[in-house]
Amino acid sequence: MIRALYDWTLSMAEHPRALWVLAVVSFAESSVFPIPPDVLMIPMILAAPHRAWLIAGVGLLSSVLGGLAGYAIGAFAYESLGRPVLEALGKEEAMAAFNETFNGVGFWAVLAAGITPFPYKVITIMSGWTGLNLATFLLTSVLARGLRFFVVAALLRAYGAPIRDFIERRLGLMFVLFLALLIGGFAVLRVL
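I will try to describe carefully the structure that is included in this document.

So, how was this worked out
- Residues numbered from 1 in each chain as written.
- Predicted model: local features only at pLDDT ≥ 70, side-chain atom pairs only at ≥ 80, totals over all residues.
- Heavy atoms only, no water.
- Core = buried A, V, L, I, M, F, W, Y, C linked by side-chain atoms within 4.5 Å.
- Buried < 20%, exposed > 50% of the residue type's maximum accessible area, 1.4 Å probe, protein only.
- Helix = DSSP H or I, 4+ residues; strand = E, 2+ residues; numbered from the N terminus.
- Contact = heavy atoms within 4.5 Å.
- Axes fitted to C-alpha atoms, helices over the stretch in contact; angles between N-to-C directions.
- Parallel < 35°, antiparallel > 145°, perpendicular 65-115°, else oblique.
- Left-handed = near helix turned anticlockwise from the far one by under 90°.
- Nonpolar A, V, L, I, M, F, W, Y, C, P; charged D, E, K, R; others polar.
- Salt bridge = Lys/Arg side-chain N within 4 Å of Asp/Glu carboxyl O.

Thoughts on the nonpolar core
Proteins that are soluble and globular tend to have nonpolar side chains buried together.
Then comes step 1: By size, the foremost hydrophobic cluster in this structure holds 18 residues, and its most contacted members are L22, M41, M44, I45 and I55.
Then comes step 2: The set of elements that each furnish at least two residues to this core consists of α1 (2–13), α2 (18–29), α3 (38–47), α4 (52–76) and α9 (134–169).
Then comes step 3: Ignoring any residue separated from it by four or fewer positions in sequence, one finds M41 in contact with L22, I55, A56, F149 and V152.
Then comes step 4: Counting 12 residues, the second largest nonpolar core, distinct from the first, contains Y71, Y120, M126 and L132.

Below you can see the structure in the form of structure tokens.
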């Protein structure tokens, strides 16, 4: 099953509309969608390393725009949209206490969430809800997501074939590691 999903993702990565799919996934992941864009971006770069910078740029732009949508959810629609997303992640009760300290560390929170597997959408919504300075949020989002996507693109462009071979030989292990990182991100979220 994992092999079939991997092969399908690689075939989608070579599809003529793959950049549009990546843009939609990156945008949605930054505000409400649980699947990270890396799932599509990595195979796209492996399939077409000469397009690594374009792929990373599309991921960056759409992710930051999605982050602004998350910020707007927090700022303008917290009760109707933001609260249910955060409740689903088990964080609604901790929001009031976190609101008091968030803006003091907002730059670092956005930076960490933008680079790591920590759910970026939580930080985008919280940034809007707590009223984090929009310029700080936007610049930090560009920095964090740019680092994340362009470092991955650079590594895959430089070492794509060996990385692809490694992933394909150890696909089960890679899947387990990806799930562990994803679950770890949610576990850290529950602790905060």
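What to know about the packing of helix α7 (residues 106–115) against helix α8 (residues 120–130)
Then comes step 1: Two elements in contact, α7 and α8, have axes whose closest approach is 8 Å; the angle formed by their N-to-C orientations is 155°. What the angle tells us is that α7 and α8 run roughly antiparallel. The element α7 and its partner α8 pack so that their crossing is left-handed. Contact with α7, carried on its side by A109, V110, A113 and G114, involves Y120, I123 and S127 of α8 and no other residues of that element.
Then comes step 2: Within the contact of α7 with α8, the residues separate by chemical class into five nonpolar, two polar and no charged.

With respect to the pattern of salt bridges
Then comes step 1: Scanning the entire structure with this criterion turns up two salt bridges.
Then comes step 2: Between E29 and K121 there is a salt bridge; the shortest N-O distance is 3.9 Å. Of this pair, E29 sits in helix α2 while K121 sits in helix α8, and the two are 92 residues apart along the sequence. The same class applies to E29 as to K121, namely buried.
Then comes step 3: Note that R145 is salt-bridged to E29, the shortest N-O span being 2.5 Å. Placement of the pair is R145 in helix α9 and E29 in helix α2, with a sequence separation of 116 residues.
Then comes step 4: Assessed through its relative accessible area of 4%, E29 is described here as buried.
Then comes step 5: Linked through salt bridges whose partners overlap, the residues forming this network are E29, K121 and R145.

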